[in-house]
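# Coordinates in review
So the chains spell out like this:
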Amino acid sequence: MILFGVLTSCGQRKAPSNDARFDIYKIQFQEEAKKRGIEVTDGELSLPIAFGETGSGTDGVCTVPGMGKNAFSAAANNLFNKENYDRKFILIHPEILEKDLFYIEAVVFHELAHCLLGRDHTEERSIMNVSQERNSDYPKLRTIYLDELFGLEADFEDFIMQLGCSKPSEETEFIDNVLYDSFGRTLRYSIFPADHESHEVYCVNSSLK
Ligand SMILES: [Zn+2]
């Protein structure tokens with residue numbers, strides 16, 4: 001029990017091995033970065049992600065061995081740069097499986113942005129907000145949230161969307177079209193211009209199975 005106490009107060013001593021179930025999120029992160037002109041290398045993505053104890057009710061943590069729950073603090077900041085990515089790892093609290101895939105994705109992306117982009121928390125509308133609960137429109141505005149995450153201008157206010165559009169036609173040019181499976185479920189997210197007159201209104205199809 002004493003050992004357990006030491007371990008939990010100082011953080012995990014060893015990086016966990018990677019849980020391949022999170023690989024799909026790494027691939028998505030890399031693709032979304034690439035769409036926005038940011039390179040995330042396979043080497044960077046080799047950082048392990050695993051389920052584990054994250055501490056104080058948080059969904060996830062980006063940390064280094066022995067550093068524990070507050071690893072992304074000013075004191076630890078010098079470890080959180082690209083040169084040190086091979087020391088870092090991400091823990092995700094297993095209770096996150098009670099949430100939907102958009103929520104899980106946002107949490108994993110949040111931790112990847114700590115570890116690989118060096119991003120800290122913000123009070124603004126962002127995946128880097130401390131609470132994903134505040135980003136309840138993420139399933140609809142995923143693209144805009146990701147623009148913000150990767151440093152592009154995020155037009156939260158100007159983005160006019162129409163939900164429940166009819167099926168896109170053959171010629172539809174998707175602005176975003178994401179489909180993947182994770183934890184036995186499916187995330188689908190697509191955006192395309194609303195089929196009439198303007199290109200200022202976008203159809204958003206966002207669903208979970
Ligand atoms: Zn965080």
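Our subject is the structure listed above.
Scope of this entry: the structure provided in the associated data block. (Residues numbered from 1 in each chain as written. Predicted model: local features only at pLDDT ≥ 70, side-chain atom pairs only at ≥ 80, totals over all residues.)

Taken in spatial order, the four strands line up as E4-E7-E6-E5 in an open sheet, and their pairing is mixed. Sheet topology places strand E4 (160-163) and strand E5 (176-182) at the edges, where each strand pairs with a single neighbour. Strand-to-strand twist of the sheet, defined as the mean angle between neighbouring strand axes without regard to direction, takes the value 20 degrees. Strands in contact with helix H3 (residues 101-117) are E5, strand E6 (185-193) and strand E7 (201-208); relative to E6, the strand with the most contacts, it is inclined by about 85 degrees. Its contacts with the sheet put helix H4 (residues 138-149) on E4, E5, E6 and E7, and the angle it makes with E7 is roughly 120 degrees. (Pairing = 2+ DSSP bridges. Helix = DSSP H or I, 4+ residues; strand = E, 2+ residues; numbered from the N terminus. Axes fitted to C-alpha atoms, helices over the stretch in contact; angles between N-to-C directions. Contact = placed C-beta atoms within 7 Å.)

We now examine the packing of helix H2 (residues 23-35) against H3. Think of two packed helices as two axes; the pair is described by the angle between the axes and how far apart they sit. Two elements in contact, H2 and H3, have axes whose closest approach is 10 Å; the angle formed by their N-to-C orientations is 65 degrees. With respect to H3, the element H2 is oriented roughly perpendicular. As H2 packs across H3, the resulting crossing turns out to be right-handed. Here Tyr25, Gln28 and Phe29 of H2 come into contact with H3, specifically with Glu105, Val108, Phe109 and Leu112. Across the contact of H2 with H3, the residue classes break down as five nonpolar, one polar and one charged. (Parallel < 35°, antiparallel > 145°, perpendicular 65-115°, else oblique. Left-handed = near helix turned anticlockwise from the far one by under 90°. Nonpolar A, V, L, I, M, F, W, Y, C, P; charged D, E, K, R; others polar.)

This part is about unusual backbone geometry. Residues other than glycine seldom take positive phi values, yet phenylalanine 183 does so here, at roughly 50 degrees. For phenylalanine 183, the location among the structural elements is in the loop between E5 and E6. Judged by the 11 C-beta atoms lying within 10 Å of it, phenylalanine 183 falls in the exposed class. (Buried ≥ 20, exposed ≤ 12 C-beta atoms within 10 Å, placed from the backbone.)

Here H3 crosses H4 at 10 degrees, and the two axes come no closer than 11 Å. Accordingly, the angle class assigned to the pair H3 and H4 is roughly parallel. In contact with Phe102, Ala106, Phe109 and Ala113 of H3, H4 contributes Tyr138, Pro139 and Leu149.

With that out of the way, let us pick up the nonpolar core. Among the nonpolar cores identified, the biggest contains 37 residues, and Ile90, Val108, Phe109 and Ala113 are the most heavily contacted of them. Among the elements of the structure, H2, strand E2 (60-63), strand E3 (89-92), H3, H4 and E6 are those that each provide at least two residues to this core. Ranked by the residues each element gives to this core, the list is headed by H3, at 12 residues. Discounting residues that sit within four places of it in the chain, valine 108 has contacts with Phe22, Tyr25, Ile49, Gly60 and Ile92. (Core = buried A, V, L, I, M, F, W, Y, C linked by C-beta atoms within 7 Å.)

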